[in-house]
Amino acid sequence: MDYQSSSTKQELLKLLKLKKRLTASELAKRLEISEMAVRRHLHTLQRDGLIRTTLVRQAMGRPTNVYELSEKGEEQFPQHYKQLAVELLKELEAVAGKEMVVALLQARTERMKERYARDFQEKTLEEKMKKLFELQNEQGYMTQLRKDEQGVYHLIAHHCPISEIAKQYRSICSCELQLFKQLLNSEVALQACMTEGDDVCHYQIKEQTHK
């Protein structure tokens, strides 16, 4: 039973990969199983963050839910872009030196700061932390956020989408730390890092101390 359930879920993911957006009814027809069974699998996949749903209004009748893969769902399929990114950086290093790679990563950080700066303006640290938490999860970091009794925030990432690059170029971790400091305008310390062999990446954040 477990094997069949797992197989059906994989087929659901494959269909959404191929067709992009489908309703529960359309999925049931293509898989030749009941719509109720499909909805059970969809519920599990959505709970696991592998798919997302959009309520679509129709010309006639009630709105219907349309399902598609989430970023995490896309990652269930073979991907070579991570290795490609590392290879391209190595080619750049061979041609222009490691300093150019560092400059490129720093430029990426600046672009990200410009892209997100408006979302962090005129917000309390708590609001900024919630926004950062959302952004990190959208990008696949599988983060947790908590605040301790001293008012210090702890942002803990259980997955690192840039790990392949970070293994080769540790400066990308420094760039990310700098980005957090600039967006939050707070004291940010990296307590643990997966590229250093830790199980998680753990950031400790507290209000900026003004002397």
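Here we summarise the structure given alongside this text. (Residues numbered from 1 in each chain as written. Predicted model: local features only at pLDDT ≥ 70, side-chain atom pairs only at ≥ 80, totals over all residues. Heavy atoms only, no water.)

**As for the sheet that holds strand β6 (residues 187–192)**
Selection rule: Strands pair, by our definition, only if DSSP identifies at least two bridges between them. Secondary structure follows DSSP: runs of H or I at least 4 residues long count as helices, runs of E at least 2 residues long count as strands, and numbering of each begins at the N terminus. The convention used is that axes are lines fitted to C-alpha atoms, helices contributing only their stretch in contact, and that angles between N-to-C directions extend from 0 to 180 degrees. Contacts are assigned to residue pairs that have any heavy atoms within 4.5 Å of one another.
In space, the 4 strands of this open sheet follow the order β4-β5-β7-β6, with antiparallel pairing throughout. Across the chains shown, the open sheet's two edge strands, defined by having one partner strand only, are β4 (143–147) and β6. Strand-to-strand twist of the sheet, defined as the mean angle between neighbouring strand axes without regard to direction, takes the value 20 degrees. Across 5 bridges, β4 lies against strand β5 (residues 153–157) in antiparallel orientation. Looking across to β5, one finds that Q144 is bridged to I156. The sheet strands contacting helix α9 (residues 171–184) are β5, β6 and β7 (201–206), and the helix crosses β6 at an angle near 145 degrees.

**Quick notes on the packing of aromatic side chains**
Just so we agree on the cut-off: Pairing of aromatic side chains requires ring centres within 6.5 Å, counting the rings of Phe and Tyr and the six-membered ring of Trp. Pairs whose planes differ by under 30 degrees are stacked, by over 60 edge-to-face, and all others tilted. Classification of residues uses two cut-offs on accessible area relative to the type maximum, computed with a 1.4 Å probe and protein chains only: under 20% is buried, over 50% is exposed, and between them is partly exposed.
Going through the model one piece at a time under the given rule, you end up with 1 aromatic pair. Taking 4.8 Å as the distance between ring centres and 65 degrees as the angle between the ring planes, the aromatic pair formed by F180 and Y203 counts as edge-to-face. Of this pair, F180 sits in helix α9 while Y203 sits in strand β7, and the two are 23 residues apart along the sequence. Take F180: its relative accessible area is 2%, and that puts it in the buried class.

**Some details on unusual backbone geometry**
Among all residues save glycine, negative phi is the norm, and among peptide bonds the norm is trans. Its identity as a non-glycine residue notwithstanding, K20 has a phi of 75 degrees, on the positive side. Position of K20 among the secondary structure elements: in the loop between α1 (2–19) and β1 (22–23). Here K20 falls in the partly exposed class, since its relative accessible area comes to 48%. Backbone geometry at E32 places phi at a positive 60 degrees, although glycine is not the residue there. One can find E32 in the loop between α2 (24–31) and α3 (35–47). The exposure class of E32 is exposed, given its relative accessible area of 72%.

**Details of helix α7 (residues 125–138)**
The criterion, for reference: How far a helix is expected to stretch is found by multiplying one less than its residue total by 1.5 Å. By arc we mean the arc of the directions from the helix axis to the C-beta atoms, nothing more.
For α7, built from 14 residues, the straight-helix expectation of 20 Å at 1.5 Å per residue is met to within 8% by its first-to-last C-alpha distance of 20 Å. Inspection of α7 places L125, K128, M129, L132, L135 and Q136 among the buried residues, and these make up the whole buried set. Summarising the axial view, the buried residues of α7 lie within an arc of 125 degrees, below the 170-degree limit, and thus occupy one face. Close packing links the buried residues of α7 with α6 (98–120), β4, β5, α9 and β7. Phi for G140, located one or two positions after α7, is positive at around 90 degrees.

**Quick look at the packing of α7 against α9**
Note the following rule: If an angle is under 35 degrees, it is roughly parallel; if it is over 145, roughly antiparallel; if it lies from 65 to 115, roughly perpendicular; otherwise it is oblique. Each crossing gets its hand from how the near helix is turned against the far one by less than a right angle, where anticlockwise is left-handed and clockwise is right-handed. For this classification, the nonpolar set comprises Ala, Val, Leu, Ile, Met, Phe, Trp, Tyr, Cys and Pro, the charged set comprises Asp, Glu, Lys and Arg, and every other residue, Gly included, is treated as polar.
Their axes nearest at 10 Å, the elements α7 and α9 cross at an angle of 140 degrees. By the criterion of interaxial angle, the relationship of α7 to α9 is oblique. Relative to α9, α7 is oriented so that their crossing is right-handed. Counted together, L125, K128, M129, L132 and Q136 of α7 and E176, F180, L183 and L184 of α9 form the full contact between these two elements. Here the residues of the contact of α7 with α9 sort into 6 nonpolar, 1 polar and 2 charged.

**A few points about a negative patch on the surface**
To keep it simple, the criterion reads: Here the term patch refers to residues with relative accessible area over 30% and no salt bridge, with like charges joined within 9 Å and nonpolar side chains (Val, Leu, Ile, Met, Phe, Trp, Tyr) within 5 Å. We get accessible surface area from the Shrake-Rupley algorithm with a probe of 1.4 Å; when it comes to residues, only the shown protein chains can shield them. Every case where a carboxyl oxygen of Asp or Glu lies within 4 Å of a side-chain nitrogen of Lys or Arg is listed as a salt bridge. Asp and Glu count as negative and Lys and Arg as positive, but His and the ends of the chain are not part of the count. Charged side chains are reduced to one point each, which is NZ for Lys, CZ for Arg, CG for Asp and CD for Glu.
Together, E71, E75, E134 and E138 make up a region of like negative charge exposed at the surface. Locating E71 in the fold gives a position in helix α4 (residues 71–74).

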